[in-house]
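Structural overview for review
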Protein chains: 2
Amino acid sequence: MKVLIDTMGADRGVETVVVGALEAMRHRDFEAVFVGVPEEIEPLLKGSGIDEDRVSVLPAATSILNTEDPAFAIRRKKDASLVVGMKALADGEADGFLSAGSTGAILAGGLFIVKRIPGISRAALTLVLPTAGGGTVFLDAGANMDTTPEYLYQFATMGAVYAEKVLKRENPRVGLLNVGSEEGKGDKRAREAYALLKEGTGHFIGNVEAKEILTDVADVIVCDGFAGNVALKTIEGVVAVVMNTLKGEIMNSTRTKIGGALVRPAFGKLKETFDYSEFGAAPLLGTKKPVFKAHGSSNARAIETGTYALLDFIENGVIESIAGEIERRGVRPAHDDQ
Amino acid sequence: MKVLIDTMGADRGVETVVVGALEAMRHRDFEAVFVGVPEEIEPLLKGSGIDEDRVSVLPAATSILNTEDPAFAIRRKKDASLVVGMKALADGEADGFLSAGSTGAILAGGLFIVKRIPGISRAALTLVLPTAGGGTVFLDAGANMDTTPEYLYQFATMGAVYAEKVLKRENPRVGLLNVGSEEGKGDKRAREAYALLKEGTGHFIGNVEAKEILTDVADVIVCDGFAGNVALKTIEGVVAVVMNTLKGEIMNSTRTKIGGALVRPAFGKLKETFDYSEFGAAPLLGTKKPVFKAHGSSNARAIETGTYALLDFIENGVIESIAGEIERRGVRPAHDDQ
């Protein structure tokens, strides 16, 4: 197995990415192609103890900034690491691609360079949220705005395959994120998506309210990227506020201060559960080849676990299964299949 | 001051509503008109110790269910407490109206019976979220689906007046809930609303991400009701999961168990901060007369605090100020002003 690692565009720089991927190489058997500036990458490979045959460098001179228009930058910056790496992926030079660069640019590159699975209109960023039941597949996590009901239907199909192949769920329960549990609730998009999902052959369990996201009510939850972003960032914000509020309250009196010292391990566990850096990386479901997006602020550990997730994704043949499922079930034609 | 109290449609029944409102009457000087079945209400008033001159009953035979089509039910069920009460409000028989009934029916009744302030296209359910800075006005909390950019602009104007009049903020900072901080982020609605708000005369501070909702980054946050519902219900769900996770972790060892007993007061304070029953009730901003919606599962204490909020709202002349502001500033014409 050979994977492309984009060394540019991560908040913490080239070294963090390379160190994280090399650590993964110490634990799993695969080859890595580091995409970026050779002068920056090569010194990091030397003395790493990894066999030279397993690593190589694919030269790229620049990166795509968060502030650039993604579709425009992908077409124009031919020497950007994201473009060079995705072209190599599309040309079959490797089995997967991981980047901590701009989400918009990864989405644009996925659509225009790697291209979509036939029948799929949009690729969706897909997270596994922590639940008591071992996790819920959540998509779209924020890559697509103004999705149509048909896109949501496709997300449901892809999410169900992901839950089967990666989380090993049989007959995964698929829910639609909505403002109420009853049919007929929600905006126009949600009501139309409900009708499509109900007609479909999947295991649709109906609407899921945002308060149920972390309660293992479904194996897959689908939503528009705007709502997905709002839900995920609200989780992030609330966990931070709750931790701070509790810490503040605990430091208020000697009694609770002593208690606070004793419960510190519990706080650590909580932080870990909801810490997105521990999630490693998330697949962009819907592209023809495996594309993974790591958090921009990933540390080396997040790059390492993200690399494992990418390897599992390749080994499980998730994309082949999605393509097969789409061919078998068919998809509703999209309104504006670009 | 005289307020109408809808005794029907609350999850916990007539008694909870009447008891809560009577408790408020012991602390504040106002008259209450209880709308509902006289045989159910009158026994509760007797022996309450409240002067008979301050209470009266407005007969209504039925209620509107959550499962009914709101607009249809409002037009058809002439003897529903919500319809009877709102008609009395519209006819000037009282200064305000409080109900724990169906949100959809309250919104429909607000639009069709109480009617809107001239220039306002939609009424928005408005919460004050707890923050270190004393609260952030959040609208729409879930009453309106498929809002237009123009509605969001109107929500911003109304929210700013509410922040000035009720929270006593000078030059309130108005933010737009969006998926990123930069201009140009978001779906079509968010991008167009950004442009309108930037043009407007209000104190627009730009986009606010969902992780910042509870951090006092703005005095007013506006959003579509779908996103608003997702954000609020995610807060509810995360607080519950975090509390359970922490409790579970704490009970895992003797050390943390002892600590847990010591930090219990801090947990109590946290629960109170994020407990929506403590919020009492929320105004439907945009109607010609004060309409307040209490949580369906309100206990007597929530009805009591909700009644105080309604009295403050009337005393502060919020609606007159909104109408004045709309007349002064003008509003963008709505695309489909019904």
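Sequence order as written defines residue numbering, which begins from 1 separately in each chain. Lettering for chains starts from A, numbering for ligands starts from 1, and both go in the order in which the items are written. The model is predicted, so local features are restricted to residues of pLDDT at least 70 and side-chain atom pairs to those at 80 or more, both for listing and for counting; the totals for chains, interfaces and linings are taken over all residues. Side-chain measures here rest on the full set of heavy atoms in the structure, leaving out hydrogens and waters.

Some details on the overall build of chain A
In this text, helices come from DSSP runs of H or I with a minimum length of four residues, and strands from runs of E with a minimum of two, each type numbered from the N-terminal end. Along chain A, the regular secondary structure elements total 11 helices and 12 strands. Over its C-alpha trace chain A gives a radius of gyration of 21 Å, about what one expects of a compact globule, namely 20 Å for 338 residues. If one aligns the C-alpha atoms of chain A with their principal axes, the spans along those axes are about 65 × 55 × 35 Å. Summary of the burial criterion: residues with accessible area below 20% of their type's maximum are buried, those above 50% are exposed, and those between are partly exposed, where the area comes from a 1.4 Å probe applied to protein chains only. For chain A, with 338 residues in total, the buried portion stands at 58%. With C-alpha atoms as the basis for the radius of gyration, the globule rule is written as 2.2 Å multiplied by the number of residues raised to the power 0.38.

Here we look at the pattern of salt bridges
Working definition: two side chains of opposite charge can pair if their charged atoms are close together. Put simply, a salt bridge is a Lys or Arg side-chain nitrogen that is within 4 Å of an Asp or Glu carboxyl oxygen. The final tally for this structure, using the stated rule, is 27 salt bridges over all chains. Residue R26 of chain A is joined to E23 of chain A by a salt bridge in which the shortest nitrogen-to-oxygen separation is 2.8 Å. Here R26 of chain A and its partner E23 of chain A are both found in helix 1 (residues 14-27), three residues apart, which amounts to about one turn of the helix. The partner of E315 of chain B in a salt bridge is R28 of chain B, and the shortest N-O contact between them spans 3.6 Å. With E315 of chain B in helix 10 (residues 300-315) and R28 of chain B in the loop between helix 1 (13-27) and strand 2 (31-36), this residue pair connects regions lying 287 residues apart in the sequence. Its relative accessible area of 24% is what places R28 of chain B among the partly exposed residues. Residues participating in the shared-partner salt-bridge network are R169, R173, D216 and D219 of chain A.

Considering the side chain of T147 of chain A
Residue and element names in this part refer to chain A. In this fold, T147 is placed in the loop between strand 7 (136-139) and helix 6 (149-165). Under the rule applied, a polar contact is a pair of N or O atoms within 3.5 Å (in protein, one hydrogen donor and one hydrogen acceptor; residues adjacent in sequence only if both atoms are side-chain atoms). Polar side-chain contacts of T147 include one of 2.8 Å to the side chain of D224. Contact definition: two residues touch when any of their heavy atoms are within 4.5 Å. Leave out the neighbours within four places in its chain, and T147 touches L152, F155, R189, D224 and G225.

Thoughts on the nonpolar core
Counting residues in each nonpolar core, the largest one holds 110 residues, and the members touching the most others are I213 of chain A together with I213 of chain B. Excluding residues within four positions of it along the chain, I213 of chain B makes contact with T234 of chain A together with L129, T131, T136, F138, L177, I221 and A231 of chain B. Buried residues of nine kinds, namely Ala, Val, Leu, Ile, Met, Phe, Trp, Tyr and Cys, make up a nonpolar core once their side-chain atoms join them within 4.5 Å. By size, the runner-up hydrophobic cluster in this structure holds 58 residues, among which are I41, I117, V161 and Y308 of chain B.

Observations concerning the packing of aromatic side chains
Here a Phe, Tyr or Trp ring, Trp counted by its six-membered ring, pairs with any other such ring whose centre lies within 6.5 Å, and the pair is stacked when the planes are under 30 degrees apart, edge-to-face when over 60, and tilted otherwise. Counted according to the given criterion, the structure contains six aromatic pairs over all chains. An angle of 40 degrees between the planes, with centres 6.1 Å apart, marks the rings of Y162 of chain B and F313 of chain B as tilted. Here Y162 of chain B, found in helix 6 (residues 149-165), pairs with F313 of chain B, found in helix 10; they are 151 residues apart in sequence, far enough to count as distant. According to the relative accessible area criterion, Y162 of chain B is buried, its value standing at 7%. Residue classification places F313 of chain B among the buried residues on the basis of a relative accessible area of 3%. When the centroid spacing of 5.1 Å and the interplanar angle of 80 degrees are considered together, the rings of Y194 of chain B and F204 of chain B count as edge-to-face. Taken together, the residues Y194 of chain B in helix 7 (residues 188-199) and F204 of chain B in strand 9 (residues 204-208) connect sequence positions 10 residues apart. Of the two residues examined, Y194 of chain B and F204 of chain B, each falls in the buried class. By the ring-pair criterion, three or more aromatic residues cluster together here, those being Y162, F292 and F313 of chain A. Over a ring means this: the NZ of a Lys or the CZ of an Arg is within 6 Å of the ring centre and within 35 degrees of the ring normal. Just above the ring of F112 of chain A sits the side chain of R75 of chain A; from NZ or CZ to the centre is 4.3 Å.

Overview of the confidence of the model for chain A
Residue and element names in this part refer to chain A. Of all residues in chain A, 90% have pLDDT values of 70 or greater, and the mean over the chain is 90. The pLDDT value tells you how sure the predictor is about a given residue, anywhere from 0 up to 100. When the criterion is pLDDT under 50, residues 333-338 qualifies, and its contacts beyond four places in sequence or with other chains add up to 14 contacts. Reported confidence for the predicted complex is 0.89 by ipTM and 0.90 by pTM.

A look at the packing of helix 6 of chain B against helix 11 (residues 318-329) of chain B
A packed helix pair is summarised by two numbers, namely the angle formed by the two axes and the spacing between the axes. Residue and element names in this part refer to chain B. All axes are obtained by fitting lines to C-alpha atoms, using only the stretch in contact for helices, and the reported angles, taken between N-to-C directions, cover 0 to 180 degrees. It is the contact of helix 6 with helix 11, at a shortest axis distance of 9 Å, that shows an interaxial angle of 130 degrees. Relative to helix 11, the element helix 6 lies oblique. For the element pair helix 6 and helix 11, the recorded crossing hand is right-handed. Two secondary-structure elements touch here, helix 6 through Y153, T157, M158, V161, Y162 and K165 and helix 11 through V318, S321, I322, E325, I326 and R329. Put simply, Ala, Val, Leu, Ile, Met, Phe, Trp, Tyr, Cys and Pro go in the nonpolar bin, Asp, Glu, Lys and Arg in the charged bin, and everything else, Gly too, in the polar bin. Its residues placed into classes, the contact of helix 6 with helix 11 shows seven nonpolar, two polar and three charged. Between 65 and 115 degrees an angle is taken as roughly perpendicular, under 35 as roughly parallel, over 145 as roughly antiparallel, and anywhere else as oblique. The sense of a crossing depends on the near helix, which, turned anticlockwise from the far helix by less than a right angle, makes the crossing left-handed and, turned clockwise, makes it right-handed.

Thoughts on helix 5 (residues 103-114) of chain A
Given 3.6 residues per helical turn, the α-helix brings residues three or four places apart onto the same face. Residue and element names in this part refer to chain A. Among the 12 residues that make up helix 5, nine are buried, leaving the element largely enclosed by the rest of the structure. Turning to helix 5, its buried residues number three or more, namely A105, I106, L107, A108, G109, G110, L111, I113 and V114. On its buried face, helix 5 is in contact with helix 3 (70-76), helix 4 (81-90), strand 4 (96-99), strand 11 (281-285) and strand 12 (291-294). At the C-terminal side of helix 5, K115 shows a positive phi close to 70 degrees.

Quick notes on the sheet that holds strand 10 (residues 220-222) of chain B
Residues and elements named next belong to chain B. Two strands are counted as paired when DSSP detects at least two bridges linking them. As summarised here, the arrangement of the five strands in space is 6-7-10-8-9, forming an open sheet in which the pairing is mixed. Of all the strands in the sheet, just strand 6 (127-129) and strand 9 have a single pairing partner and so form its edges. Ignoring which end each strand starts from, the neighbouring axes of this sheet average 30 degrees apart. Bridge count for strand 8 (residues 174-177) against strand 10 is three bridges, and the pairing is parallel. Residue pairing across strands places V174 opposite V220, the latter belonging to strand 10.

Re the side chain of T126 of chain A
All names here are of chain A. Mapping T126 onto the fold places it in the loop between strand 5 (124-125) and strand 6 (127-129). Given the relative accessible area of 1%, T126 is considered buried. Within the local environment of T126, its side chain forms a polar contact with the backbone oxygen of A124, the two atoms lying 3.0 Å apart.

Observations concerning a negative patch on the surface
To count toward a patch, a residue needs a relative accessible area over 30% and no salt bridge; like charges are then connected within 9 Å, while nonpolar side chains (Val, Leu, Ile, Met, Phe, Trp, Tyr) are connected within 5 Å. Computed with a 1.4 Å probe, the accessible areas rest on the Shrake-Rupley method; for each residue, only the protein chains presented here act as cover. In this tally, Asp and Glu contribute negative charge and Lys and Arg positive charge; neither His nor the terminal groups of the chain are included. To locate a charge, take atom NZ for lysine, CZ for arginine, CG for aspartate or CD for glutamate. On the surface, a cluster of negative charge is contributed by D29, E31, D51, E52 and D53 of chain A. Inspection of the secondary structure puts D53 of chain A in the loop between helix 2 (38-45) and strand 3 (55-59).

Things to note about the sheet that holds strand 11 of chain A
Residue and element names in this part refer to chain A. Pairing within the open sheet is mixed, and its seven strands lie in the order 3-2-1-4-12-11-5. Of all the strands in the sheet, just strand 3 and strand 5 have a single pairing partner and so form its edges. Bridge analysis of strand 1 (residues 2-6) against strand 4 gives three bridges, and the strand direction is parallel. Considered in strand 4, the bridge of V3 is made with G96. Against the sheet, helix 2 engages strand 2 (31-36) and strand 3, with an angle of about 170 degrees to strand 3.

Things to note about unusual backbone geometry
That bond from L139 of chain A to D140 of chain A is cis: its omega, 5 degrees, falls within 30 degrees of zero. A positive phi angle is found at D216 of chain A, which is not glycine, with a value near 65 degrees. Looking at the element boundaries, D216 of chain A is found in the loop between strand 9 (204-208) and strand 10 (220-222). Its identity as a non-glycine residue notwithstanding, D146 of chain B has a phi of 55 degrees, on the positive side. Structurally, D146 of chain B is set in the loop between strand 7 (136-139) and helix 6.

Description of the pairing of strand 12 of chain A
All names here are of chain A. Covered by surrounding structure in strand 12 are V291 and K293 together with F292 and A294, the residues of both alternating faces. Examined bridge by bridge, strand 4 and strand 12 share three bridges and lie parallel to one another. For L98, the partnering residue across the bridge sits in strand 12 and is F292. In terms of strand pairing, strand 11 meets strand 12 through three bridges, oriented antiparallel. Bridge assignment links A282 to a residue of strand 12, and that residue is K293. In sequence, strand 11 turns back onto strand 12 through a hairpin of five residues, with G286 there showing a positive phi of about 125 degrees.

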